[in-house]
Amino acid sequence: MAPSNPLANWERLGDSFYRKVPIYDAIFDEDIELENYIIAGAPYGGAIALHRDESKPYRFRDAQTTKSSIDIYSCSGKLINRLNWEFGTIRGLGWSDREELLVITEDGTVRRYFGLHGDFTSFSLGNGAEEYGVRGCRFWTSGFVALLSNNQLVAVSNYDEPRPRLLAPCPEGEVSSWSLIPPAYTLSRSVEVLLAVDKTVYLVDPTEAEDKVLQNGPFKHASVSPTGRFVALITAEGKVWVVSSDFQSKYSEYDPESRVTPRTVDWCGDDAVVIAWEDEVHLIGPNGVAARYYRYYYDGTVHVIPEFDGVRLITNDTCEFLHKVTDVTEAIFRLGSTSPASVLLDSVDLLEKKSPKADENIQRIRPSLPEAVDTCVKAAGQEFDTHWQKRLLKAASFGKSVLDLYNSDEFVEMTEKLRVLKAVRDYQIGLPISYEQYMRLTPERLIERLVNRHEYLLAIRISEYLELAADKIYVHWASQKVKVATGDDEAVCKLIVQRLDGKPGISFELIAQTAYDEGRVQLATQLLNHEPRAGKQVPLLLNMEEDEIALDKAIESGDVDLVNYVLLHLKAKLPLASFFRTINTRPMASALVETNARSQDTELLKDLFYQDDRPIDGSNVLLSEALNETDLPRKTERLHLATRLLSDSKDPSVVLQQKLLSEASQLLKVQEALDKDLADRTEFLGLSLNETIFRLIRSGYGKRAQKLQSEFKMPEKTFWWLRLRALVAKRDWGELEDIGKIKKSPIGWEPFYNEILGAGNTKLASVFVPKCTNLPADEKVEMWVKCGMIAKAGEEAFRAKNLNALELLQTRASGPAAAEIDRMINQLRPRK
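Residues numbered from 1 in each chain as written. Predicted model: local features only at pLDDT ≥ 70, side-chain atom pairs only at ≥ 80, totals over all residues. Heavy atoms only, no water.

A. Broad picture of the overall build of the protein. Helix and strand counts for the protein stand at 34 helices and 29 strands. Looking at the protein as a whole, 49% of its 832 residues qualify as buried. Excluding contacts between residues fewer than 6 apart, the proportion of contacts in the protein whose partners are at least 24 apart in sequence is 48%. Per element, the accessible surface of the protein, about 41900 Å² overall, is 48% carbon and sulfur. (Helix = DSSP H or I, 4+ residues; strand = E, 2+ residues; numbered from the N terminus. Buried < 20%, exposed > 50% of the residue type's maximum accessible area, 1.4 Å probe, protein only. Contact = heavy atoms within 4.5 Å. Areas by Shrake-Rupley, 256 points an atom, 1.4 Å probe, with all protein chains shown as cover.)

Here it is, written out as structure tokens:
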């Protein structure tokens, strides 16, 4: 039922109004005595963790039957999970903004529970925590600080990569209270701790502990506002101080008129302080004067859970949200308000009564009507009661219908958001998130919270309504189905595949990983067959030791990098023989191994060729190593191994290769002897046969060169070419002239002419022109010309009766040669 009065539960504190909104009732059973429990609530209307306070006495019946546990409830009192606890005394219980439960034990062990259902990771605080013990913890959205019994502070600022580090050394003395300022609100951008020791307060950061020089301690409570601007302190006399976080300004002082120390001191937003005893809550407004506080009384123990925009008040019977009334809400509902938005809301009532005053009101506020519509839309978001949400949206709808031009985007978005908020605030879901909290949390993370509660249907419907991807929801559902399903693997796989058929973006790899973690390897393999991305299949298959399947999947993908990744894994894991057997039946894998081994691992390449019975390829590798080797014994050893490898083969095609290797070994021995014998210490080792003979002839050892030719059966033409070029390089014109006296050359005489001419000896080159009998006359003419013998060229042309050539020579000749050529021309010209 909607309240008859929208101002119900409003309380005025100074210039502001605060209201307490009832959200749920009949939350916890009477058996749960909240005064005996430590309670921690997750931000943004999140889950509540309850743990029995071990310092409180047990009833006899409870002590006998109750096991220690951490119970996780929704704000509506629905039990989400129960974590059995047998891991030591709990010194810290808190939540991250991702609704991860943090549990810190006395010995410094930290457990981070995610997903609300028992999965966790753990790490140790170190830094003396095990030796001195943890005394207490304070949390912010992404980290916490632990206070050790030696007053040392240990900070953790990232749960994904926890690196506990000590803050500055703290002063000795009794710590009466402490609080922290989150890194987002400090100048140093690192967490700062307010530590109340004896009569003063110290501000501790990673580098120093600064004494704020106060005299009214010991301070029994210290609490920092959500934005880190203000600090609330309870003095030794029981008074409440509100000071700036730098302790330079004191804003208010309030006497609660009770000498009983409050149980908690928290902030309601950034403007008011909430002080709670067992069954009494004081709300202190700005400046803390008498007219600016209010007291709430309860039948049982009340627990305060702070939010950035208010506080949740939890008792056995109720869950309430205490917060500051926003300006837009106050402008509409405040008694006597004449704001355009208030008039617009009244006009809706008049319109329903068909009163003509409705139109009069609209005309009166027409200049401010767009503003009034916007205000009603914004105020609708601030209401928890659906009755007033509808009334405000109806007023906005009426107002914008009168306007000629109005952008309705904000109106439409607000209706979408309110539908989502109504769904998650339902008693069965128990997420009493405010509009401001929803905007800061984001729809994606709200859906994530629903998924963690296994509210899959609602999560999917909200995702579809907001047009968000739902693949993570389906994957989470399937992973949970894998964990709890008791049927055979094939049936479970079939069920999951049928349910997820046609859903975009589904990662079967994640579902398969869950199945593998649960020990259901066959199910994991079956699920992976439905994963379309080979890059997602292969790593998990390797973890599951399904090596050959992983290799086949990588080959099917055609991704060379992925195949290489699998091959490297297999090579490191398998014996070499098994590795080769695995790749032998897969040509692509074998080819990749061979290609990589050629440039990176010749030993593997030799083993591969041996395994594949490829002796010629194996011997070529050894021969290449021998050619690159500078040490003679190693070079000889490589050649010997290459020869032996070929001798073991029955393939007739290896005979030539074997002969060549044998000759290479023989040549090395000859070269070694040459290096020892020759006086000039010319180095022959490592040269080819052609280079060896060339160097011998050039060095004047022609007979040794002829002996090598005979031993290695070098073709005569090859030897003559080497001899010619070596003698030309040596400039041994005499021996070349002697050779020219021989009647026949295996390579002809033209090479002699060309090589000698190229070396610049035209006179000797000319000796070989007449011996080139197989050349045409015009070529021989040109050869004589290149030697500078024009007259000889003319004679060659005259013998060939080539008048044209003689005429060309006539233009180039001079002196006696010109006269001789003229004579020859005259002889060949026909007489008239």
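Back to the text.
B. Summary view of unusual backbone geometry. For Ala-26, which is not a glycine, the phi torsion comes out positive at approximately 50 degrees. On the basis of relative accessibility, which here comes to 55%, the residue Ala-26 falls in the exposed class. At Asn-127, a residue that is not glycine, the phi angle is positive and equals roughly 50 degrees.

C. Structural detail: the pairing of strand β24 (residues 272-276). Among the 5 residues of β24, 5 are classified as buried, and the element is accordingly described as predominantly covered. Alternating residues of β24 divide into Ala-272, Val-274 and Ala-276 and Val-273 and Ile-275, and every residue in both groups is buried. Across 5 bridges, strand β23 (residues 264-268) lies against β24 in antiparallel orientation. When the sheet's bridge partners are listed, Trp-267 is paired in β24 with Val-273. The antiparallel hairpin formed by β23 and β24 contains 3 residues in its connecting segment, where Gly-269 sits at a positive phi of about 70 degrees. The sheet contact formed by β24 and strand β25 (residues 280-284) spans 4 bridges and is antiparallel. Across the sheet, residue Ile-275 finds its bridge partner in β25, namely His-282. Two successive antiparallel strands, β24 and β25, enclose a turn made up of 3 residues. (Pairing = 2+ DSSP bridges.)

D. Region of interest: the sheet that holds strand β26 (residues 293-297). Strand order in the open sheet made by the 4 strands is β23-β24-β25-β26, with antiparallel pairing throughout. At either margin of the open sheet sits one strand with a lone partner, and together these are β23 and β26. Strand-to-strand twist in this sheet, taken as the mean axis angle between neighbours without regard to direction, amounts to 20 degrees. Here 5 bridges tie β25 to β26, and the two strands are oriented antiparallel to one another. Following the sheet pairing, His-282 is matched in β26 by Arg-295. (Axes fitted to C-alpha atoms, helices over the stretch in contact; angles between N-to-C directions.)

E. The arrangement of the confidence of the model for the protein in detail. When pLDDT is averaged along the protein, the result is 85; 88% of the residues meet or exceed 70. The secondary structure element of the protein with the lowest average pLDDT is helix α1 (residues 60-65), at 50, and the one with the highest is strand β8 (residues 101-105), at 97. (pLDDT = per-residue confidence, 0-100.)

F. Main features of the nonpolar core. Membership of the largest hydrophobic core comes to 93 residues, with the highest contact counts inside it found for Leu-344, Ile-496, Leu-500, Ile-511, Leu-527 and Leu-567. No other element matches the 7 residues that helix α6 (residues 369-382) contributes to this core. Residues in contact with Leu-567, not counting those within four places in the same chain, are Leu-551, Phe-579, Ile-583, Ala-589, Leu-592 and Val-593. Among the nonpolar cores identified, the runner-up in size contains 50 residues, and Leu-736, Phe-768, Leu-775 and Trp-784 belong to it. (Core = buried A, V, L, I, M, F, W, Y, C linked by side-chain atoms within 4.5 Å.)

G. Up close: the sheet that holds strand β5 (residues 69-73). The strand order β3-β4-β5-β6 describes an open sheet built from 4 strands, whose pairing is antiparallel. Among the strands making up the open sheet, the edge pair consists of β3 (37-41) and β6 (79-84). The average undirected angle you get between the axes of adjacent strands in this sheet is 20 degrees. For β5 and β6, the ladder comprises 5 bridges, and the chain directions are antiparallel. Of the residues in β6, the one forming a bridge with Ile-72 is Asn-81.

H. Summary view of the pattern of salt bridges. Per the counting criterion, the structure on display carries 35 salt bridges. Here Arg-445 and Asp-97 are joined by a salt bridge, their closest N and O atoms 3.4 Å apart. Note that Arg-445 is positioned in helix α10 (residues 443-452) and Asp-97 in the loop between β7 (90-95) and β8, a separation of 348 residues in sequence. Classification of Arg-445 as partly exposed rests on a relative accessible area of 22%. One salt bridge connects Arg-229 with Asp-270, and the closest N-O pair in it is separated by 3.3 Å. Placement of the pair is Arg-229 in the loop between β19 (221-224) and β20 (230-234) and Asp-270 in the loop between β23 and β24, with a sequence separation of 41 residues. Given a relative accessible area of 15%, Asp-270 falls into the buried group. Through salt bridges with shared partners, one network takes in Asp-349, Glu-352, Arg-391 and Lys-394. (Salt bridge = Lys/Arg side-chain N within 4 Å of Asp/Glu carboxyl O.)

I. Region of interest: the pairing of strand β12 (residues 143-148). With 6 of its 6 residues buried, β12 lies for the most part within the structure. Neither face of β12 is exposed, since Gly-143, Val-145 and Leu-147 on one face and Phe-144, Ala-146 and Leu-148 on the opposite face are all buried. Bridge count between strand β11 (residues 134-140) and β12: 6 bridges; the pairing is antiparallel. Considered in β12, the bridge of Gly-136 is made with Leu-147. What sits between β11 and β12 in their antiparallel hairpin is a turn of 2 residues. Of the strand pairs in this sheet, β12 and strand β13 (residues 153-156) are connected by 4 bridges, and their pairing is antiparallel. By the bridge assignment, Ala-146 is partnered in β13 with Val-154. Following β12, the chain reverses through 4 residues before pairing antiparallel with β13; Asn-151 in that reversal takes a positive phi of roughly 70 degrees.

J. Just the layout of surface pockets, in detail. Approximately 1100 Å³ is the volume found for the second largest pocket. Together, 32 residues line the second largest pocket, and Glu-448, Val-451, Asn-452, Lys-472 and His-476 are the ones closest to its centre. Counting only elements with at least two residues in the lining of the second largest pocket, the list comes to α10, α12 (471-484) and α14 (508-517). The element that contributes the greatest number of residues to the lining of the second largest pocket is α12, accounting for 9 residues. Residue composition of the lining of the second largest pocket, by class: 9 nonpolar, 13 polar and 10 charged. (1 Å grid on protein atoms, 1.4 Å probe; cavity = no way out; pocket = protein on both sides within 12 Å on 5 of 7 lines; lining within 4 Å. Points joined across faces, edges and corners; volume = space filled by probe spheres on them. Nonpolar A, V, L, I, M, F, W, Y, C, P; charged D, E, K, R; others polar.)

K. Inspection of α6 at higher detail. For α6, spanning 14 residues, the distance from its first C-alpha to its last is 20 Å, which sits close to the expected 20 Å at 1.5 Å a residue. Among the 14 residues that make up α6, 10 are buried, leaving the element largely enclosed by the rest of the structure. Among all positions in α6, only Leu-369, Ala-372, Val-373, Thr-375, Cys-376, Val-377, Ala-379, Ala-380, Gly-381 and Gln-382 are buried. (Expected span 1.5 Å × (residues − 1).)

L. Fine view of the environment of Ala-819. Position of Ala-819 among the secondary structure elements: in helix α34 (residues 816-828). The class of Ala-819 is partly exposed, set by a relative accessible area of 48%. Between the C-alpha atom of Ala-819 and that of Ala-791, which follows or precedes it by 28 residues, the distance is 9.6 Å.

M. Looking closely at the packing of helix α13 (residues 489-500) against helix α15 (residues 521-528). Orientation of α13 relative to α15, taken along the N-to-C sense of each, is 35 degrees, at an axis distance of 9 Å. Here the hand of the crossing between α13 and α15 comes out right-handed. Across the interface between the two elements, Asp-489, Glu-490, Val-492, Cys-493 and Ile-496 of α13 pack against Gln-522, Leu-523, Gln-526 and Leu-527 of α15. Here the residues of the contact of α13 with α15 are counted per class, giving 5 nonpolar, 2 polar and 2 charged. (Left-handed = near helix turned anticlockwise from the far one by under 90°.)

N. Local environment of the environment of Gly-128. Examined against the element boundaries, Gly-128 turns out to sit in the loop between β10 (120-124) and α2 (129-132). Residues Gly-128 and Ser-149 lie 21 residues apart in sequence; the distance between their C-alpha atoms is 9.9 Å. Those residues in contact with Gly-128 that sit more than four places away from it in its chain are Gly-133 and Leu-148.

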